[in-house]
Amino acid sequence: MPSPGSRAFFVLAGTVSAWPTPAYERELNVELTGAEIFVQCLKDEGVEYVFGYPGGAVLPIYDALYQQEAVKHILVRHEQAATHAADGYARSNGKPGVVLVTSGPGATNAVTGIATAYMDSIPMVVFTGQVPTALIGNDAFQEVDNIGITRPCVKHNFLVKDVKDLAETIKKAFYVATTGRPGPVVVDIPKDVSTNKTEYHYPKRIKMRSYNPVVKGHPRQIKKAVELIATAKRPMVYSGGGVILGEASRSLVEFTRLLNFPITNTLMGLGAYPSPDRQFVGMLGMHGTYEANMAMHNCDVLIAIGARFDDRVTGNIEKFCPTARIIHVDIDPASISKNVKVDVPIVGEVDQVLKAMIKEFKDGAPMPDAKALEPWWQQIEEWRAMDCLKFDRESELIKPQYVVETLYKITKGKAFVTSDVGQHQMWAAQFYQFDKPRRWINSGGLGTMGFGFPAAMGVQFAHPDETVCCITGEGSIQMCIQELSTCRQYGLPIKIINLNNRYLGMVRQWQEFFYQGRYAMSYMESLPDFVKLAESYGHIGIQVTKPADVEGALKEAMKVRDRVVFLDFITDQTENVYPMIPAGAGQNEMILI
Amino acid sequence: MRHIISILLENEAGALSRVAGLFSARGYNIESLTVAPTEDPSLSRMTLVTSGTDQVIEQITKQLNKLVDVVKLLDMMEAPHIERELMLVKVRAENSGRDEVKRLVDIFRGRIIDVSNTTYVIELTGAGDKLDAFLQAIDRGLILEVVRTGVSGIARGEKALHV
Ligand SMILES: Cc1ncc(C[n+]2csc(CCOP(=O)(O)OP(=O)(O)O)c2C)c(N)n1
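Residues numbered from 1 in each chain as written. Chains lettered and ligands numbered in written order. Predicted model: local features only at pLDDT ≥ 70, side-chain atom pairs only at ≥ 80, totals over all residues. Heavy atoms only, no water.

Caption draft 1: Broad picture of the overall build of chain B. On a plain count of helices and strands, chain B comes out with four helices and nine strands. Walking chain B from its N terminus toward its C terminus, one meets helices and strands in the order β-α-β-β-α-β-β-α-β-β-α-β-β. Overall size of chain B, expressed as C-alpha extent along the three principal axes, is 55 × 35 × 35 Å. A burial count over chain B gives 44% of its 163 residues as buried. A fraction of 74% describes how many contacts in chain B between residues 6 or more apart in sequence connect residues 24 or more apart. For chain B, the accessible surface area stands at approximately 8700 Å², while carbon and sulfur atoms represent 50% of it. Once the 20 positive and 23 negative side-chain charges of chain B are each reduced to a mean point, those two points are 1 Å apart. (Helix = DSSP H or I, 4+ residues; strand = E, 2+ residues; numbered from the N terminus. Buried < 20%, exposed > 50% of the residue type's maximum accessible area, 1.4 Å probe, protein only. Contact = heavy atoms within 4.5 Å. Areas by Shrake-Rupley, 256 points an atom, 1.4 Å probe, with all protein chains shown as cover. Lys, Arg positive; Asp, Glu negative; His and termini not counted. Charge placed at Lys NZ, Arg CZ, Asp CG, Glu CD.)

Caption draft 2: Summary view of the overall build of chain A. Counting its regular elements, chain A contains 23 helices and 20 strands. A globule of 593 residues ought to have a C-alpha radius of gyration of about 25 Å, and chain A, at 25 Å, matches this closely. Here the C-alpha coordinates of chain A stretch approximately 75 × 60 × 45 Å along the principal axes. Across the 593 residues that make up chain A, the buried fraction comes to 59%. Here the contacts in chain A between residues at least 6 apart in sequence split such that 76% fall between residues at least 24 apart. As displayed, chain A offers around 22800 Å² of accessible surface, 52% of which is attributable to carbon and sulfur atoms. Looking at chain A, you have 60 positive and 64 negative side-chain charges, and the mean spots of the two groups are 4 Å apart. (Rg over C-alpha atoms; globule rule 2.2 N^0.38 Å.)

Caption draft 3: Main features of empty space enclosed by the protein. Residues and elements named next belong to chain A. Under the definition given, this model contains one cavity of 30 Å³ or more. Volume-wise, the largest cavity comes out at about 60 Å³. The wall of the largest cavity is formed by Cys388, Leu389, Lys390, Phe391, Gln401, Trp427, Gln430, Phe431, Glu575, Asn576, Tyr578 and Ile593. Broken down by element, the lining of the largest cavity gets its largest block of residues, three residues, from helix α18 (residues 423–431). Looking at the lining of the largest cavity residue by residue, the class counts come to seven nonpolar, three polar and two charged. (1 Å grid on protein atoms, 1.4 Å probe; cavity = no way out; pocket = protein on both sides within 12 Å on 5 of 7 lines; lining within 4 Å. Points joined across faces, edges and corners; volume = space filled by probe spheres on them. Nonpolar A, V, L, I, M, F, W, Y, C, P; charged D, E, K, R; others polar.)

Caption draft 4: The arrangement of the nonpolar core in detail. Residue and element names in this part refer to chain A. Grouped together as the largest cluster of nonpolar side chains are 100 residues, with contacts concentrated most on Phe255, Leu302, Ile327, Ile497 and Phe569. With six residues, helix α15 (residues 350–362) is the largest single contributor of residues to this core. Look past the residues within four positions of Ile497 in its chain and what remains in contact with it is Val403, Leu407, Cys469, Cys470, Ile471, Thr472, Leu554, Leu567 and Phe569. One finds Val76, Ala117, Val186 and Met457 within the second-largest nonpolar core, a separate group that totals 47 residues. (Core = buried A, V, L, I, M, F, W, Y, C linked by side-chain atoms within 4.5 Å.)

Caption draft 5: Representation of the confidence of the model for chain B in the model. Within chain B, residue pLDDT values average 96, and 100% of them lie at 70 or more. With a pTM of 0.94, the predicted complex shows an ipTM of 0.93. (pLDDT = per-residue confidence, 0-100.)

Caption draft 6: Examining the interface of chain A and chain B more closely. At the junction of the two partners, chain A supplies 18 residues and chain B supplies 20 residues. Roughly 1600 Å² is buried in total at the junction of chain A and chain B, and carbon and sulfur atoms are behind 44% of that figure. When residues of chain A are sorted by the area they lose upon contact with chain B, Arg151, Arg209 and Ser210 of chain A head the list and together hold 40% of the total. The interface formed by chain A and chain B contains four salt bridges. Between Asp40 of chain B and Arg209 of chain A there is a salt bridge, with its nearest N and O atoms 3.9 Å apart. Across the contact surface, chain A and chain B share eleven residue pairs in polar contact (both at pLDDT 80 or more). Considering only residue class, the side of chain A that touches chain B consists of six nonpolar, four polar and eight charged. (Buried area = accessible area lost by both parts, 1.4 Å probe. Salt bridge = Lys/Arg side-chain N within 4 Å of Asp/Glu carboxyl O. Polar contact = N/O pair within 3.5 Å; in protein donor to acceptor, adjacent residues only side chain to side chain.)

Caption draft 7: Spotlight on the state of the cysteines. Residue and element names in this part refer to chain A. A complete count under the given rule lists zero disulfides over all chains for this structure. Cys299 takes part in no disulfide bond, and the closest cysteine sulfur, belonging to Cys321, lies 4.5 Å away. Cys299 gets classed as buried once you look at its relative accessible area, which sits at 0%. Here Cys388 is not disulfide-linked; the sulfur of Cys321 is the nearest cysteine sulfur, at 17 Å. (Disulfide = S-S within 2.5 Å.)

Caption draft 8: Molecular detail of the packing of helix α3 (residues 34–44) of chain A against helix α8 (residues 166–178) of chain A. Residues and elements named next belong to chain A. Contact pair α3 / α8: the axes reach a minimum separation of 10 Å and the direction vectors enclose 35°. For the crossing formed where α3 meets α8, the hand is right-handed. Residues Gly34, Ile37, Phe38, Cys41 and Leu42 of α3 form the contact with α8, whose participating residues are Leu166, Ala167, Ile170 and Phe174. Classifying every residue of the contact of α3 with α8 gives eight nonpolar, one polar and no charged. (Axes fitted to C-alpha atoms, helices over the stretch in contact; angles between N-to-C directions. Left-handed = near helix turned anticlockwise from the far one by under 90°.)

Caption draft 9: Seen up close, the pattern of salt bridges. Residue and element names in this part refer to chain A. Scanning all chains against the criterion turns up 39 salt bridges over all chains. With a closest N to O distance of 3.7 Å, Arg308 and Asp310 form a salt bridge. Of the residues examined, Arg308 reaches a relative accessible area of 24% and is grouped as partly exposed. Connected via shared salt-bridge partners are Asp87, Arg91 and Asp120.

Caption draft 10: Looking closely at unusual backbone geometry. Residue and element names in this part refer to chain A. For the bond running from Tyr578 to Pro579, omega is -10°, close enough to zero to count as cis. Tracing the chain through its elements places Pro579 in the segment after β20 (565–570). Residue Phe309 is not a glycine yet carries a positive backbone phi of 55°. Within the element layout of this structure, Phe309 appears in the loop between β12 (301–305) and α14 (311–314). Of note in the backbone geometry, Ser337 takes a positive phi value of approximately 60° without being a glycine.

Caption draft 11: How the structure looks around the sheet that holds strand β10 (residues 263–265) of chain A. Residue and element names in this part refer to chain A. The six strands lie next to each other as β11-β10-β9-β12-β13-β14, forming an open sheet whose pairing is parallel. Both edges of this open sheet fall to β11 (280–283) and β14 (344–347), since each of them pairs with a single strand only. Recorded for the sheet is a direction-independent mean angle of 15° between the axes of neighbouring strands. Sheet analysis places β12 next to strand β13 (residues 325–330), joined by five bridges and oriented parallel. Bridging across to β13, Ile305 finds its partner in Val329. (Pairing = 2+ DSSP bridges.)

Caption draft 12: Up close: the packing of aromatic side chains. All names here are of chain A. Throughout the structure, instances matching the rule amount to 25 aromatic pairs over all chains. Plain terms: the ring middles of Phe38 and Phe127 are 4.7 Å apart, the flat faces sit at 80° to each other, and that makes the pair edge-to-face. Here the residue Phe38 occupies a position in helix α3, and Phe127 occupies one in strand β5 (residues 124–130), the gap between them amounting to 89 residues. Judged by its relative accessible area of 0%, Phe38 is buried. Grouped by ring-pair contacts, the aromatic residues Tyr49, Phe51, Tyr89, Phe461 and Tyr490 constitute a single cluster. Over the face of the ring belonging to Tyr49 we find Lys72, whose NZ or CZ atom lies 5.4 Å from the ring centre. Here the guanidinium or amino end of Arg439 rests over the ring plane of Phe416, the centre of that ring lying 4.5 Å away. (Phe/Tyr/Trp six-rings, centres within 6.5 Å; stacked < 30°, edge-to-face > 60°. Lys NZ or Arg CZ within 6 Å of the ring centre and 35° of its normal.)

Caption draft 13: Here's a closer look at the pairing of strand β17 (residues 468–473) of chain A. Residue and element names in this part refer to chain A. For β17, the buried fraction is high: six of the six residues fall into the buried class. Residues Val468, Cys470 and Thr472 of β17 are buried on one face, and the alternating residues Cys469, Ile471 and Gly473, pointing to the opposite face, are buried as well. By the bridge criterion, four bridges tie strand β15 (residues 416–419) to β17 in an arrangement that is parallel. The residue bridging Phe416 from the neighbouring strand is Val468, located in β17. Bridge analysis of β17 against strand β18 (residues 495–500) gives five bridges, and the strand direction is parallel. Each bridged residue has a counterpart across the sheet, and for Ile471 the counterpart in β18 is Ile497. This β-α-β element, β17 to helix α20 (residues 484–490) to β18, shows right-handed connectivity. (Right-handed = clockwise from strand over helix to strand, strands pointing away.)

Below, the structure is given as structure tokens:
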């Protein structure tokens, strides 16, 4: 695949090169239109890609984008995909994702993706077109209250009413989106703001009196935590997505190894600690490992780092970690003691706090008693020996777990893996052993089906030479299947790993367990021929029905570098995800296979 | 427990709806809410009366602080404070009833600010419970209309909420 920066890429992209330098780059002190200011701001912000879709209210902006090359616009096929792609881009490389959509339906289509990013604290700036200021409130054509609709699912949003405020607002948007606990920010730009003119000035730095994210953990709290850690006999480290967002993976590894503590990661936190490592006991929560959940339930000191005690993690809150004293490190004060009352709260950047704790121990603070840890590790090894993720390896049918395991093997754990929502997502999390942060990209908080494929596009743009796989189900993939067209246009070599069980599998599993097998609307009929479908977009489709062909097909797919390979694995329809903590049960009340 | 929370927020369009939206989205209750610009035109001051367990109140203040438009806030219950609310009550006032109403208004240190042949408008300020007490004391059947502004609060002594 040509890298997205190269010329060939642009021919594919249908963008024309060799435009004359726009007037405003040649002369100083000229007045620019809002649209030109918009583009200039993105350049000054270092934005590489804008994922978007045009329409009336943003035509001036598209016109300005057309006349330059620095900021590349990626045309998706549905605005939801633009937000997921920008989100995947952001998750995989840490830079904010940028989206541009038109007013009305363009903006409402983007809402699912905005909410998805919000729930997982992903830095993103979404520009929505708006009707001209004079028409706002008149039920004008394609008018909708973008600020009102997005308010509950953004970190913040802005309506720009005057072109004079545009540059500063854009600066604020990037600042708010990327600092503190990150999140999506919406900037609503009325059409006349794009066409009015003013002088351009992009502020280098910005200060907002009403927004001062805390960065440093309080030294006294850090001391208290270190003292509590020293008393631990059955310790447990529980870390989440905050470690990845906070670039604190190295410190987490150092901290955990220094203390020889067992560690579990949340669904969002996978990859922050190398999964193949001995101290790693697997993911925790509803479909977490037996050893992770049992260790949580029985620990005496719990160190929660950048995790938010989500109900899919805690199970029944009344029964959560009954014997533990809890330390909670998080950048968001509102995350602390929200669901579970903690003993030592520390508000601050996780990386800084981890480093401060490591320093305390290195400077001579008492360490936990290594001898006392031995029986705890023995106990954990006994739980681990239960082998809770075992599955039937003799089956005639393709077991979904086997597909993920094989993918892990042949990519040597180095691929970027996105997923949708359902059983396949859990198998991906359980069987692909992530050993680096930002490789595992999934919608943990909102649980958005349709996320995986467009997110993979964003990942591929951020990492043009890496292998990007989307592990999905036949239900989820159909929610953004139109993006096959986008992938063709930009030559994205994404591998779609469709674990096709002809069921909305996760729904079917709940119906089997909790609704006496009444499978209401969970069977997927009238599925397309995915092979032909992929081919009709100019991609490659491969159907795999036998376990023996799984590895070969995956290897074949890895060779393709210029288009999508859609691997349709026909899997065992009745396979369930184990272990499982039923909703409302305690962490030690797992259903095992 | 009942709490009075005073908030300084950016005087921006939509700031009020962010606060109101937060309360409805997270299921917190609002007993009353008042808002007006301050001496600094870029700031509004809001006073919110809410109730909940300590844990809920802690979440409310944290979530409010998280709103980008919120500059500063103070839970008035943390220190001695003064609470005031203004109430206007229109009552039926006829014949001998007129004197009785007047006496009651005097006891509560209210004022009668409008008089017609058949009605009075009474102005009363005080803490919320004083206004409640007045409404308890007066014959319910006489009340035609009640308007309350909602509570405002300010800390006693040196403590002040400003940027
Ligand atoms: C947009 C959206 N709608 C509905 C759901 C509810 N839901 C969760 S998992 C699931 C089934 C997913 O089926 P499929 O993609 O085939 O994956 P499988 O569970 O079979 O692996 C559904 C419907 C959701 N998470 N997202």
